[in-house]
Amino acid sequence: MREVSGGEVAGILVAVFWAILVSFLAVALARLAQTLRATTKLVAEVTDQAVPLLSDASAAVRSAQTQIDRVDAIATDVQEVTSNASALSTTVASTFGGPLVKVAAFGYGVRRALGARKDDAPARTSRETVIIGRTVPAARRERRNRGKRD
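Definitions and limits used
Residues numbered from 1 in each chain as written. Predicted model: local features only at pLDDT ≥ 70, side-chain atom pairs only at ≥ 80, totals over all residues. Heavy atoms only, no water. Helix = DSSP H or I, 4+ residues; strand = E, 2+ residues; numbered from the N terminus. Buried < 20%, exposed > 50% of the residue type's maximum accessible area, 1.4 Å probe, protein only. Areas by Shrake-Rupley, 256 points an atom, 1.4 Å probe, with all protein chains shown as cover. Patch = residues over 30% accessible without salt bridge, like charges linked within 9 Å, V, L, I, M, F, W, Y side chains within 5 Å. Salt bridge = Lys/Arg side-chain N within 4 Å of Asp/Glu carboxyl O.

As a further point, take the overall build of the protein. Across its full length, the protein carries two helices and two strands. When the helices and strands of the protein are listed from N to C terminus, the series reads α-β-β-α. Taking all 150 residues of the protein together, the buried fraction comes to 1%. Working note: accessible area of the protein is about 13700 Å², and carbon and sulfur atoms make up 65% of it.

And the structure:
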């Protein structure tokens, strides 16, 4: 038998470790390849589902923009109608307001005058009577006057 030198033993050990390392790397590369295939499949499925979703989202955004444009047009029209109504209200108030107030005041005066004639009572005066430096309200004055008559 031949004697094996230390260098040969070291070479054999390095070769065995190298073989083990290569085996581990091969297994790791096989698993990495499998993971990459699964990832590629997942990305393809997500892409297949995302494209219709993105097109639906784009259509929804376009529809929302159309609705916003309509609401903006309606708001503009409402603002215009409001300003027109305000101008009309001002015009009517300035045109009919003064004469209507005068007619109402005249009617009130006529009613008051006719009411005073029907009662045949003298119009009450709201003058206050001064008694020894004091002012007595009309209601208290009437009570005092009643007491003096009795």
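There's more to say after this.
This part covers a nonpolar patch on the surface. A contiguous nonpolar patch, built from Val 4, Val 9, Ile 12, Leu 13, Val 16, Phe 17, Ile 20 and Phe 24 and spanning about 780 Å² of accessible area, is present on the exposed surface. By the element assignment, Ile 20 lies in helix H1 (residues 6-119).

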